[in-house]
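What follows is each chain in one-letter form.
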Amino acid sequence: MAKVVLIVINSALPLAKLYVMKLLVDTITAGFASTLSKEAAFQQVIVYITWMGVINLCESILGALLGITGYAHQKITSEYMYGVIHTKAVELDLEHYENSSYYDILERAKGEANQGPMRLVNRADQIGVSLLRLGTMGSVIAIFDWRVAVLLTIPIIPRIWVRLKFVDIIHRWVLKRTQTQRWSGYYNNLLTTDQFAKEIRLFGLGELFKGRFIELRRQLLKEELNINTRQAFADFCTSMISAITSWGAYAIIAYDTVQGRITVGDLNLYNQAFRQA
């Protein structure tokens, strides 16, 4: 719960930072045409500079707190998952140890127990942060110009679809190739541990097992590269869509700035909101 509160606060700070930066830029711009003395004009500016410093300090403190809570969360989750695996392993009937499917499941569970659950938690945190940031920054942009908000929303749908599609592809591949991964680990264990060193040398099995290990690893590597290549191409396509819509949004903002409809501070706010949305 503490981490959720910290994430929400940390997601709101960029919005406050953007607004203070807008006021700072507008104040500096107005100072050039002001009849006030330079000292009086600077006193107006220093207020917003102070607020920027306070916000930056808060971001640093929240970042440190998020790091501490994240580390603690990771350790607690890992220990819990190991406990679940051990409990299930003790409760299983002995017949499961004669079933290869059980060892496939056990291999995946052991491989993911340390990092898998935490990756899911971190990704959930990232999704929450992204949604909060998108909501806040998108609201700011929509308030100023709804056309820009619509343009920046267009790339979100294909990007989400691509991510979900390849998550499913990778998951299916992991399920399909668990046994292959287990066999490669078995050959690696035979070749590198002292338990079978004498037999390997006595019967001359080193080259045989080495060849089988390399063959399995090449097969896995080929399939992984194929998936990664397809994912990279899909990400490139979504990036192009995002770039085109961003160019259109910048064109609208530039035109409105030239026409005097928005201030220099508004222009800066738009630019920073684009990068963070």
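Residues numbered from 1 in each chain as written. Predicted model: local features only at pLDDT ≥ 70, side-chain atom pairs only at ≥ 80, totals over all residues. Heavy atoms only, no water.

Draft legend 1. Seen up close, the overall build of the chain. Of the regular secondary structure elements, the chain holds 10 helices and zero strands. Overall, the chain shows an N-to-C arrangement of helices and strands of α-α-α-α-α-α-α-α-α-α. Across the 277 residues that make up the chain, the buried fraction comes to 24%. Within the chain, contacts between residues at least 6 apart in sequence are counted, and of these 80% link residues at least 24 apart. Of the accessible surface of the chain, which amounts to about 18,600 Å², a share of 65% is contributed by carbon and sulfur atoms. (Helix = DSSP H or I, 4+ residues; strand = E, 2+ residues; numbered from the N terminus. Buried < 20%, exposed > 50% of the residue type's maximum accessible area, 1.4 Å probe, protein only. Contact = heavy atoms within 4.5 Å. Areas by Shrake-Rupley, 256 points an atom, 1.4 Å probe, with all protein chains shown as cover.)

Draft legend 2. Molecular detail of the environment of Val4. Tracing the backbone through its elements, the reader meets Val4 in helix α1 (residues 2-33). Sequence separation of Val4 and Leu66 is 62 residues, and the distance between their C-alpha atoms is 9.6 Å.

Draft legend 3. Molecular detail of helix α7 (residues 178-192). Over its 15 residues, α7 extends 21 Å from the first C-alpha to the last, a length consistent with the 21 Å expected when each residue adds 1.5 Å. Among all positions of α7, only Thr178, Thr180, Ser184, Tyr187 and Leu190 are buried. (Expected span 1.5 Å × (residues − 1).)

Draft legend 4. A look at the nonpolar core. Leu6, Ile7, Leu13, Val20, Met52, Ile55, Leu62 and Leu66 form the largest nonpolar core, which has eight residues in total. Those residues in contact with Ile55, other than ones at most four positions away along the chain, are Leu13, Ala16, Lys17 and Val20. (Core = buried A, V, L, I, M, F, W, Y, C linked by side-chain atoms within 4.5 Å.)

Draft legend 5. Just the packing of helix α6 (residues 156-176) against helix α9 (residues 206-258), in detail. Following both chains from N to C, one finds α6 and α9 inclined at 175°, their axes separated by 10 Å at the closest point. The angle between the axes of α6 and α9 places the two elements in the roughly antiparallel class. On α9, the residues that touch Pro158, Arg159, Val162, Arg163, Phe166, Ile169, Ile170 and Trp173 of α6 are Leu220, Glu223, Glu224, Ile227, Arg230, Gln231, Ala234, Asp235, Thr238, Ile241 and Ser242. Across the contact of α6 with α9, the residue classes tally to 10 nonpolar, three polar and six charged. (Axes fitted to C-alpha atoms, helices over the stretch in contact; angles between N-to-C directions. Parallel < 35°, antiparallel > 145°, perpendicular 65-115°, else oblique. Nonpolar A, V, L, I, M, F, W, Y, C, P; charged D, E, K, R; others polar.)

Draft legend 6. Main features of the side chain of Arg177. Structurally, Arg177 can be placed in the loop between α6 and α7. Taking relative accessible area as the criterion, Arg177 reaches 15% and is therefore assigned buried. Here Glu223 takes part through its side chain, which lies 2.8 Å from a polar atom of the side chain of Arg177. Not counting residues up to four positions away in its chain, the partners in contact with Arg177 are Gln219, Leu220 and Glu223. (Polar contact = N/O pair within 3.5 Å; in protein donor to acceptor, adjacent residues only side chain to side chain.)

Draft legend 7. Layout of the pattern of salt bridges. Under the criterion given, the structure shown has three salt bridges. For Lys17, the salt bridge identified is with Glu59, shortest N-O distance 3.4 Å. Placement of Lys17 in helix α1 and of Glu59 in helix α2 (residues 38-91) is noted, with a sequence separation of 42 residues between them. Close ionic contact of Arg177 with Glu223 constitutes a salt bridge, the shortest N to O distance being 2.8 Å. (Salt bridge = Lys/Arg side-chain N within 4 Å of Asp/Glu carboxyl O.)

Draft legend 8. Looking closely at the side chain of Ser242. Here Ser242 lies in helix α9. Its relative accessible area of 18% is what places Ser242 among the buried residues. Dropping the residues within four chain positions of it, Ser242 is found in contact with Pro155 and Arg159.

Draft legend 9. Quick peek at α6. Here α6 contains 21 residues, and its C-alpha end-to-end distance of 30 Å stays within 8% of the 30 Å for a straight helix at 1.5 Å per residue. For α6, every residue scored as buried is listed here: Val162, Phe166, Ile169 and Trp173. Along the long axis of α6, the arc covered by the buried residues comes to 55°, so they all point the same way. Among the exposed residues of α6, those pointing more than 90 degrees away from its buried face are Ile157, Trp161, Leu164, Val167 and Arg172. Summarising the contacts, the buried residues of α6 are in contact with α7 and α9. (Arc of directions from axis to C-beta.)

Treat this as a map of the structure, not an account of what it does.
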